[in-house]
Amino acid sequence: QGEDEVTLYTAAAEALADLHALERPVILKGLGCDWPLLAFDDLALRVNADLFADWLPVLDPRMKMPDAARARWESERDALIDMARAFPRELTLRDYHAENLIWLPEREGRARIGLLDFQDAVIGWDAWDMAMLVQDARREVTPAARDAAIRAYLEKSGKAEADFRERLAVIGTLNALRIAGIFARLIARDGKQRYHDFLPRQKYLLARNLQHPSAAGMADFVRDVAPFIFEEA
């Protein structure tokens, strides 16, 4: 609403670095209850990624998924999950994106970023939250804002850039597959046609993540079964 996008995304990334620097809690206490903080495990990643293979062919018959392709999908999906399993874990909010952040400029430091929708927090990955922030499924994040956010996060966290960008590509691919599948299901099963408006951006985000060498296997699979992902990105 008229604020400078680079400023906002830089502040959000710096707040995210502070969040990820916290010691990973096992139990959260509040409202008279103890809340266990669960791990984002292999099963959750598989179920989420499978939405792409289950629902995009339903929406778009150009994507073919015979039995052989399904077996290949599972192999490439699991290869990405194996990489994710080896990445360091962080406290992860999961839905860290523009619609869930409130700009409070009268405050200082990380308190300028008000957080909403944090009830699904898990022990996950730093790159999941960053992917949600700079690879937003519902709004166009300019390259300037995206690059500023990543640069600010790396400067504040002190993390190695090459390692972080690999995590962002692998986790970003799994997340982009999940969201594309969710949108396809919302359209094909639930009749929510407005999600057609979001699909072009989601194809672009998926194709962009697949450019990283660590996602090469999944990239080859997508080129073979759904080349339009790259053609329309």
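What you are looking at is a predicted structure, and each value in this text was computed from that prediction instead of being measured.

**Remarks on the overall build of the protein chain**
So, step 1. Counting its regular elements, the protein chain contains nine helices and six strands.
So, step 2. Here the C-alpha radius of gyration of the protein chain, 18 Å, is about what a compact globule of 233 residues would show, namely 17 Å.
So, step 3. Oriented by its inertia axes, the alpha-carbon framework of the protein chain measures out at about 55 × 40 × 35 Å.
So, step 4. Taking all 233 residues of the protein chain together, the buried fraction comes to 48%.
So, step 5. Of the contacts made within the protein chain by residues no fewer than 6 positions apart, 75% connect residues no fewer than 24 positions apart.
So, step 6. Surface exposure of the protein chain reaches about 11,600 Å², of which carbon and sulfur atoms provide 52%.
So, step 7. Distance from the positive charge centre (31 side chains) to the negative charge centre (39 side chains) of the protein chain: 2 Å.

**Describing the nonpolar core**
So, step 1. The biggest cluster of nonpolar side chains holds 75 residues, and the ones touching the most others in it are Tyr96, Met130 and Phe183.
So, step 2. When residues of this core are assigned to their parent elements, the largest contribution, 14 residues, is made by helix α6 (residues 161-188).
So, step 3. Ignoring any residue separated from it by four or fewer positions in sequence, one finds Met130 in contact with Ala13, Leu16, Gln135, Ala149, Ile150, Tyr153, Phe164 and Leu168.

**Some remarks on the environment of Arg223**
So, step 1. Relative to the elements of secondary structure, Arg223 occurs in helix α8 (residues 216-225).
So, step 2. Put simply, Arg223 and Ala207 are 16 residues apart on the chain and 9.7 Å apart in space, counted from C-alpha to C-alpha.

**Side note on helix α7 (residues 199-209)**
So, step 1. For α7, a buried count of eight out of 11 residues is recorded, marking the element as mostly surrounded by other parts of the structure.
So, step 2. Against α2 (42-59), α6 and α9 (228-231) lie the buried residues of α7.

**Quick look at unusual backbone geometry**
Glycine aside, residues mostly have negative phi, and peptide bonds are mostly found in the trans state.
So, step 1. Even without being a glycine, Leu31 presents a positive backbone phi close to 55°.
So, step 2. Summarising the element assignment, Leu31 is placed in the loop between β1 (27-30) and β2 (33-36).
So, step 3. Leu31 gets classed as exposed once you look at its relative accessible area, which sits at 85%.
So, step 4. Positive phi, normally seen in glycine, also occurs at Asp117, with a value near 60°.
So, step 5. Here Asp117 shows up in the loop between β5 (113-115) and β6 (122-124).

**So, the pairing of β2**
Residues in a regular strand point their side chains to alternate faces of the sheet.
So, step 1. In this structure, β1 lies alongside β2, joined through four bridges in antiparallel fashion. Bridged to Lys29 within β2 is Asp34.

**A word on the packing of helix α1 (residues 5-21) against helix α4 (residues 126-134)**
So, step 1. The N-to-C vectors of α1 and α4 enclose an angle of 165°; their axes lie 11 Å apart at closest approach. Classified by the angle between their axes, α1 and α4 sit roughly antiparallel to one another. The handedness of the crossing between α1 and α4 is right-handed. For the pair α1 and α4, contact is made by Tyr9, Ala12, Ala13, Leu16, Leu19 and His20 and by Asp126, Asp129, Met130 and Leu133, respectively.
So, step 2. Residues that form the contact of α1 with α4 fall into these classes: seven nonpolar, one polar and two charged.

**Here's the deal with the environment of Phe183**
So, step 1. One can find Phe183 in helix α6.
So, step 2. Residue Phe183 is classed as buried on the basis of its relative accessible area of 3%.
So, step 3. C-alpha of Phe183 to C-alpha of Ala160: the two residues are 23 residues apart in sequence and 33 Å apart in space.
So, step 4. Excluding residues that lie within four positions of it along the chain, Phe183 makes contacts with Ala137, Tyr195, Phe198, Leu199 and Gln202.

**As for α1**
So, step 1. Compared with an ideal rise of 1.5 Å per residue, which puts 17 residues at 24 Å, α1 spans 24 Å between its outermost C-alpha atoms and is within 8% of the ideal.
So, step 2. Of the positions making up α1, those classed as buried are Glu5, Tyr9, Ala11, Ala12, Ala13, Ala15, Leu16, Ala17, Asp18, Leu19 and His20.
So, step 3. Looking at the buried residues of α1, the elements they touch are β3 (90-92), β4 (101-103), β5, α4 and α5 (143-157).

**A short note on the packing of aromatic side chains**
So, step 1. Tallying each qualifying case throughout the model produces eight aromatic pairs.
So, step 2. Taking the centre distance of 5.6 Å and the plane angle of 40° together, the rings of Phe183 and Phe198 count as tilted. Placement of the pair is Phe183 in helix α6 and Phe198 in the loop between α6 and α7, with a sequence separation of 15 residues.
So, step 3. Note on Phe198: relative accessible area 15%, which makes it buried.
So, step 4. Ring-pair connections join several aromatic residues into one group, and the members of that group are Phe40, Trp125 and Trp128.
So, step 5. Residue placement shows Arg62 over the ring face of Phe228; its charged tip is 4.1 Å from the ring centre.

Rules used throughout
Residues numbered from 1 in each chain as written. Predicted model: local features only at pLDDT ≥ 70, side-chain atom pairs only at ≥ 80, totals over all residues. Heavy atoms only, no water. Helix = DSSP H or I, 4+ residues; strand = E, 2+ residues; numbered from the N terminus. Rg over C-alpha atoms; globule rule 2.2 N^0.38 Å. Buried < 20%, exposed > 50% of the residue type's maximum accessible area, 1.4 Å probe, protein only. Contact = heavy atoms within 4.5 Å. Areas by Shrake-Rupley, 256 points an atom, 1.4 Å probe, with all protein chains shown as cover. Lys, Arg positive; Asp, Glu negative; His and termini not counted. Charge placed at Lys NZ, Arg CZ, Asp CG, Glu CD. Core = buried A, V, L, I, M, F, W, Y, C linked by side-chain atoms within 4.5 Å. Pairing = 2+ DSSP bridges. Axes fitted to C-alpha atoms, helices over the stretch in contact; angles between N-to-C directions. Parallel < 35°, antiparallel > 145°, perpendicular 65-115°, else oblique. Left-handed = near helix turned anticlockwise from the far one by under 90°. Nonpolar A, V, L, I, M, F, W, Y, C, P; charged D, E, K, R; others polar. Expected span 1.5 Å × (residues − 1). Phe/Tyr/Trp six-rings, centres within 6.5 Å; stacked < 30°, edge-to-face > 60°. Lys NZ or Arg CZ within 6 Å of the ring centre and 35° of its normal.

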